[in-house]
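Close look at the chain arrangement
Given next are the chains, with one letter for each unit.
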Amino acid sequence: MTFTDLERKQQVALVALVEAMAMSDGFVSEGEEKEISKLAAALGEDRYRTLMDEVDEQFPDLDALKAYLQTVEDAAVRELIYGTVLLSLIHISEPTRPP
């Protein structure tokens with residue numbers, strides 16, 4: 001299963017959670033920006049922007065997002081969404097190694 005296989009509602013959940021995690025400390029780091037760019041490229045830039053517009057409209061706060069995420073019932077979809085976020089966090093937090 002890929003990001004483009006997800007239904008629109010599921011894509012909204014994915015984008016919303018990725019954005020919420022990136023903004024959790026009040027700003028988007030360079031590493032977070034790279035991970036978001038990868039997701040945007042996978043979904044398509046226009047599609048990503050459209051989904052972000054929906055996210056901005058639908059989720060005034062974290063509680064609204066949490067409630068929405070609970071409506072994702074398919075286990076494979078949940079695994080893709082949460083796995084994507086966890087892998088992004090791992091890549092972001094990897095220490096920079098000297099060349």
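We now turn to the structure provided with this report. Along each chain, residues carry numbers from 1 onward, in the same order as the chain's sequence is written. Confidence filtering applies because this is a predicted model: local features only for residues at pLDDT of at least 70, side-chain atom pairs given and counted only at 80 or more, and all residues used for totals across whole chains, interfaces and linings. Hydrogens are left out, water is left out, and the side-chain values use all remaining heavy atoms of the structure.

1. Some points on the overall build of the protein
As a reminder of what qualifies: In this text, helices come from DSSP runs of H or I with a minimum length of four residues, and strands from runs of E with a minimum of two, each type numbered from the N-terminal end. By definition, residues are in contact when any of their heavy atoms lie within 4.5 Å. Neither His nor the chain ends is counted toward charge; the positive residues are Lys and Arg and the negative residues Asp and Glu. A single reference atom marks each charge: NZ on Lys, CZ on Arg, CG on Asp, CD on Glu.
Across its full length, the protein holds 5 helices and 0 strands. In terms of overall dimensions, the protein has C-alpha extents of about 45 × 30 × 25 Å along its principal axes. In the protein, the proportion of contacts linking residues at least 24 apart, taken out of those at least 6 apart, comes to 73%. Between the averaged position of the 9 positive side-chain charges in the protein and that of its 20 negative side-chain charges there is a distance of 3 Å.

2. Details of helix 2 (residues 30-43)
Cut-off, in case you're wondering: What a helix should span is 1.5 Å times the count of its residues minus one. Relative accessibility under 20% of the residue-type maximum defines a buried residue, over 50% an exposed one, and the middle range a partly exposed one, all with a 1.4 Å probe and only protein chains included. By construction, the arc corresponds to the directions joining the helix axis to the C-beta atoms.
The end-to-end C-alpha separation of helix 2 is 20 Å, in line with the 20 Å expected for 14 residues at 1.5 Å each. Of the residues making up helix 2, those classed as buried are Glu32, Glu35, Ile36, Leu39, Ala40 and Leu43. One side of helix 2 holds all its buried residues, which, seen down the axis, span an arc of 140 degrees. In helix 2, the exposed residues that point more than 90 degrees away from the buried face are Glu30, Glu33, Lys38 and Ala41.

3. Observations regarding the environment of aspartate 61
The line we're drawing: The term polar contact refers here to a pair of N or O atoms within 3.5 Å; inside protein, the definition further demands a hydrogen-donor-capable atom paired with an acceptor-capable atom, and it admits residues adjacent in sequence only when both atoms are side-chain atoms.
Its place among the elements puts aspartate 61 in the loop between helix 3 (45-58) and helix 4 (62-69). Put simply, aspartate 61 and alanine 20 are 41 residues apart on the chain and 9.5 Å apart in space, counted from C-alpha to C-alpha. Polar side-chain contacts of aspartate 61 include one of 2.8 Å to the backbone nitrogen of alanine 64.

4. Brief notes about the pattern of salt bridges
The condition is simple: Should a side-chain nitrogen of Lys or Arg be within 4 Å of a carboxyl oxygen of Asp or Glu, the pair is scored as a salt bridge.
Per the stated rule, a full pass over the model turns up 4 salt bridges. Residue arginine 8 pairs with glutamate 54 through a salt bridge whose shortest N-O separation is 2.4 Å. Here arginine 8, found in helix 1 (residues 8-22), pairs with glutamate 54, found in helix 3; they are 46 residues apart in sequence, far enough to count as distant. When its relative accessible area of 35% is taken as the criterion, arginine 8 is described as partly exposed. Notably, a salt bridge pairs glutamate 35 with lysine 38, separated by 3.1 Å at the nearest N-O pair.

5. Things to note about the packing of helix 1 against helix 4
Put simply, the test is: Working convention: axes come from line fits to C-alpha atoms, limited for helices to the stretch in contact. Angles between N-to-C directions cover 0 to 180 degrees. In what follows, roughly perpendicular refers to angles from 65 to 115 degrees, roughly parallel to angles under 35, roughly antiparallel to angles over 145, and oblique to any angle outside these ranges. Less than a right angle of anticlockwise turn of the near helix away from the far helix marks a crossing as left-handed, whereas a clockwise turn marks it as right-handed. Asp, Glu, Lys and Arg are counted as charged, while Ala, Val, Leu, Ile, Met, Phe, Trp, Tyr, Cys and Pro are counted as nonpolar; the rest, among them Gly, fall into the polar class.
Running from N to C, helix 1 and helix 4 cross one another at 140 degrees; their axes reach a closest spacing of 10 Å. Judged on the interaxial angle alone, helix 4 and helix 1 are oblique. For the pair helix 1 and helix 4, the crossing hand works out as left-handed. In this structure, helix 1 uses Lys9, Val12, Ala13, Ala16, Leu17 and Ala20 to contact helix 4, whose residues at the interface are Leu62, Leu65, Tyr68 and Leu69. Taken together, the residues of the contact of helix 1 with helix 4 break down into 9 nonpolar, no polar and 1 charged.

6. Some remarks on the nonpolar core
Nonpolar side chains tend toward joint burial in soluble globular proteins. The test is simple: Throughout this description, the term nonpolar core refers to a set of buried Ala, Val, Leu, Ile, Met, Phe, Trp, Tyr and Cys residues connected via side-chain atoms within 4.5 Å.
Core analysis: the biggest nonpolar cluster contains 27 residues, and Leu14, Val15, Leu39, Leu43, Tyr48, Phe59 and Ile81 have the highest contact counts within it. Sorting the residues of this core by element identifies helix 1, helix 2, helix 3, helix 4 and helix 5 (75-93) as the ones contributing at least two each.

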